[in-house]
Amino acid sequence: MNLERETRLAVRKGKSFISSNVSSVQIIVLYYVLMVLIALVLFYLPFFRVPGSHVSFIDMFFMAISTISVTGLTTFPIDEVFNQYGIVLLEILFQVGGLGIMMISTSFFIVSKRKISLKQRQLIMTDMNQPRLSGIVRLIRTSFTILFLCQLFGGILFSVYFKFQGYYPNWKHAIFYGFYQSVSAITNSGFDVTGNSIQPFSHDYFFLLVIMSMIFIGGIGFPVIMDFHEWVIYHFPKRKHKLPFRFTLFTKVAFLTSVLLFVGGALIIFFLEKEHMFKGMATSTQWINSMFYSMSTRNAGLQIHDLNNFQVTTLIFFAFLMFVGCSPSSVGGGIRTTTIAILGLYILSFLKGEHSISIFGRNIDDDDVRKSVVVFILSLVMCFTCVIFLTSTENLPLIAIILEVASAFGTTGLSLGITAQLSVIGKLIIAALMFIGRIGMLYMLLLFVPKETRDMGYNYPTEKIIIG
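Model, not experiment: these values are computed from the prediction. (Residues numbered from 1 in each chain as written. Predicted model: local features only at pLDDT ≥ 70, side-chain atom pairs only at ≥ 80, totals over all residues. Heavy atoms only, no water.)

Side note on the overall build of the chain
What counts here: The helix count covers DSSP runs of H or I at least four residues long, the strand count covers runs of E at least two residues long, and both are numbered beginning at the N terminus. Each residue's exposure class comes from its accessible area (1.4 Å probe, protein chains only) as a fraction of the maximum for that residue type: buried when under 20%, exposed when over 50%, partly exposed otherwise. The contact criterion used throughout is that any non-hydrogen atoms of two residues lie within 4.5 Å. Methods summary: accessible areas were calculated by the Shrake-Rupley approach with a probe of 1.4 Å, and residue burial reflects only the protein chains presented.
Helix and strand content of the chain: 18 helices and 2 strands. Expressed as a percentage of the 468 residues in the chain, the buried residues total 52%. Excluding contacts between residues fewer than 6 apart, the proportion of contacts in the chain whose partners are at least 24 apart in sequence is 71%. Summed over its atoms, the accessible surface of the chain is roughly 23,100 Å², and 65% of this surface lies on carbon and sulfur atoms.

Written out as structure tokens, the structure is:
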């Protein structure tokens, strides 16, 4: 069955899918809402709690959304509320929130050898933010397998390293926290379950380089992982192929943008803080710290210093990196790397007087350009509006509020420590931002779009207006 036939069948069967008035985007959002409610119920079970711990409903609701959106913002110390079973529960929820509900459920279908229907493929396509049905199950299978193996390898590596480096006194704690760090890095969750994040590792180059690599893998995008997997298969072992391998345009743009943001971010952070926060450190330590924050601010939200010690200028730059976030179809939030890349190309083409946007020998579709502009502007307006609201409801420094808003929207989790001080209204605003950041601004817009739109059948006359 070819792609065109699959698409036609999908449209024909759409009315029988739950309801003729419900779109796949609305169903996926509903699934994430249900997962938040399930997480909320599980968090109240005594089995996962420290005896005698008490948390208000609004704080636990905030925690449920933060977990499913793999953000990392919390209003209470996790190690004082959840026991080790509770932390294991968090790791399971990180998988659901980070990898996606449909990826987890489809992986179980694949393992149990159950047939995946066309309706399920539609939901997978929506949850994974993919433009077509073709190859969607293979994408799920490959991405899930690679990410699972990365978590397993990382867990073993960290466990052995923690034990022999003396970070933890016995194998039980080394294995427990080793696997937690691995899962946290791949899913970009950024939750602090020890009370000091990963600050004890601030001078451990090996640990920081490994965890940066794992954060990068989680945030680069599932289609990119799939493409590199296909590239490896194509070259090793060598065998005859009908067609030559070619990376998709998405992979090229997402990978290039991620690398540029990482390198550029590290350079800017280094020069901003080398005579301030990093003063007195060895040059190599300054560089490794700059690289770490360039990676962590866009993806994981882990920290190796008290953020209050950074300059305001650096914190504003952190907010920008968090606002951009990860690549589409990954574990992270934000406006996504391809959005900022297309906007940059659009501005460049305008300055060069070109009427089309091209990169790597391909033209960018006009519809993708419009989506990028809409996502960027509406996300910026939403974050700005939230900052305005929070400045009126919270008696907190402006830079702390800006960082909190950017952290919530980018599902990053970095904070200046004001999350617990937020009012009920403030917590609800940040919680809404975390949920939108996980779902994506584009899908939040499509949530309110009718399933079927009708073409007017005519166009209005075109007339120019004065701009600028």
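Description of helix α3 (residues 57-68)
Defined as follows: Here the expected length of a helix is defined as 1.5 Å per residue gap, with one fewer gap than residues.
Taking 1.5 Å per residue as the helical rise, α3 with its 12 residues ought to reach 16 Å, and the 17 Å between its terminal C-alpha atoms agrees with that figure. Most of α3 is tucked away, with 10 of its 12 residues classed as buried. Within α3, burial applies to Ile 58, Asp 59, Met 60, Phe 62, Met 63, Ala 64, Ile 65, Ser 66, Thr 67 and Ile 68. Residues of α3 that are buried make contact with α2 (24-43), α4 (84-99) and α17 (424-439). The first or second residue beyond α3 is Val 70, which carries a positive phi of 40 degrees.

Here's the deal with the nonpolar core
This is how the line gets drawn: What we call a nonpolar core is a set of buried Ala, Val, Leu, Ile, Met, Phe, Trp, Tyr and Cys residues that are connected through their side-chain atoms within 4.5 Å.
Core analysis: the largest hydrophobic core is formed by 119 residues, its most contacted members being Phe 43, Phe 207, Phe 292, Leu 307, Val 405, Ile 430 and Leu 433. Ranked by residues supplied to this core, first place goes to α2 with 9 residues. Membership of the second largest hydrophobic core comes to 8 residues, among which are Val 253, Ile 342, Ile 359 and Ile 364.

A look at a nonpolar patch on the surface
So the rule is basically this: Residues qualify for a patch when their relative accessible area is over 30% and they have no salt bridge, like charges being joined within 9 Å and the nonpolar side chains of Val, Leu, Ile, Met, Phe, Trp and Tyr within 5 Å. We count a salt bridge whenever a side-chain nitrogen from Lys or Arg sits within 4 Å of a carboxyl oxygen from Asp or Glu.
Side chains of Phe 148, Leu 149, Leu 152, Ile 156, Val 160, Phe 164, Trp 171 and Ile 175 sit close together on the surface and give an oily, nonpolar patch of about 770 Å² of accessible area. Of all the secondary structure elements, the ones that give two or more residues to the nonpolar patch are α7 (136-164) and α8 (171-186). When residues in the nonpolar patch are grouped by element, the largest group, 6 residues, is from α7. By the secondary structure assignment, Val 160 is in helix α7.

Some details on the packing of α3 against α17
In plain terms, the rule: Throughout, an axis means a line fitted to C-alpha atoms (over the contacting stretch in the case of helices), and angles, computed between N-to-C directions, take values from 0 to 180 degrees. An angle below 35 degrees is read as roughly parallel, one above 145 as roughly antiparallel, one from 65 to 115 as roughly perpendicular, and any other as oblique. Here a crossing is taken to be left-handed if its near helix is turned anticlockwise relative to the far helix by less than a right angle, and right-handed if that turn runs clockwise. Charged residues are taken to be Asp, Glu, Lys and Arg, nonpolar residues to be Ala, Val, Leu, Ile, Met, Phe, Trp, Tyr, Cys and Pro, and polar residues to be all remaining types, Gly included.
Running from N to C, α3 and α17 cross one another at 15 degrees; their axes reach a closest spacing of 9 Å. One way to sum up the angle between α3 and α17 is to call them roughly parallel. The hand of the α3/α17 crossing is left-handed. Between α3 and α17, the contacting residues are Ile 58, Asp 59, Phe 61, Phe 62, Ile 65, Ser 66 and Ile 68 on the first element and Val 424, Lys 427, Leu 428, Ile 430, Ala 431, Met 434, Phe 435 and Arg 438 on the second. In the contact of α3 with α17, the residues fall into 11 nonpolar, 1 polar and 3 charged.

With respect to the packing of aromatic side chains
Our working definition: A pair of aromatic rings is counted whenever rings of Phe, Tyr or Trp (Trp by its six-membered ring) have centres within 6.5 Å, and the orientation is called stacked for planes under 30 degrees apart, edge-to-face for over 60 and tilted otherwise.
Evaluation of the coordinates by the stated rule reveals 34 aromatic pairs. Here the aromatic rings of Phe 76 and Phe 82 are separated by 6.2 Å at their centres, their planes lie at 50 degrees, and the arrangement is tilted. The same class applies to Phe 76 as to Phe 82, namely buried. Geometrically, the ring pair formed by Phe 158 and Phe 162 is stacked, given 5.8 Å between the ring centres and 10 degrees between the ring planes. Taken together, the positions of Phe 158 and Phe 162, both in helix α7 and 4 residues apart, correspond to about one turn of that helix. Accessibility expressed as a relative area gives 0% for Phe 158, which makes it buried. For Phe 162, a relative accessible area of 0% puts it in the buried group. Aromatic ring contacts, followed pair by pair, group Phe 158, Tyr 161, Phe 162, Tyr 167, Tyr 168, Phe 176, Tyr 177, Phe 201, Phe 206 and Phe 207 into a single cluster.

Some points on the packing of α8 against helix α9 (residues 205-219)
Interaxial distance between α8 and α9 falls to 7 Å at its minimum, and their mutual angle equals 40 degrees. What the angle tells us is that α8 and α9 run oblique. Seen from α8, the contacting residues are Gln 181, Ser 182, Ala 185 and Ile 186; seen from α9, they are Ile 211, Met 214, Ile 215, Ile 217 and Gly 218. Grouping the amino acids of the contact of α8 with α9 by side-chain chemistry returns 6 nonpolar, 3 polar and no charged.

Notes on the pattern of salt bridges
Summed over all chains, the structure comprises 5 salt bridges. We note a salt bridge from Glu 354 to Lys 352, for which the minimum N-O separation is 3.5 Å. Among the residues examined, Glu 354 registers a relative accessible area of 37% and is labelled partly exposed. For Lys 352, a relative accessible area of 52% translates into the label exposed. Two residues, Arg 370 and Asp 367, come together in a salt bridge whose shortest N-O distance is 3.6 Å. One end of the pair, Arg 370, and the other, Asp 367, are both in helix α15 (residues 366-393), 3 residues apart, so they sit about a helical turn from each other.

Focus on unusual backbone geometry
Its identity is not glycine, yet Ser 329 carries a phi of approximately 55 degrees, on the positive side. Among the secondary structure elements, Ser 329 is positioned in the loop between α13 (312-324) and α14 (337-351). Given a relative accessible area of 9%, Ser 329 falls into the buried group. Residue Arg 336 is not a glycine yet carries a positive backbone phi of 85 degrees. With respect to the helices and strands, the residue Arg 336 is situated in the loop between α13 and α14. According to the relative accessible area criterion, Arg 336 is buried, its value standing at 11%.

None of the figures reported here should be taken as evidence of function without further support.
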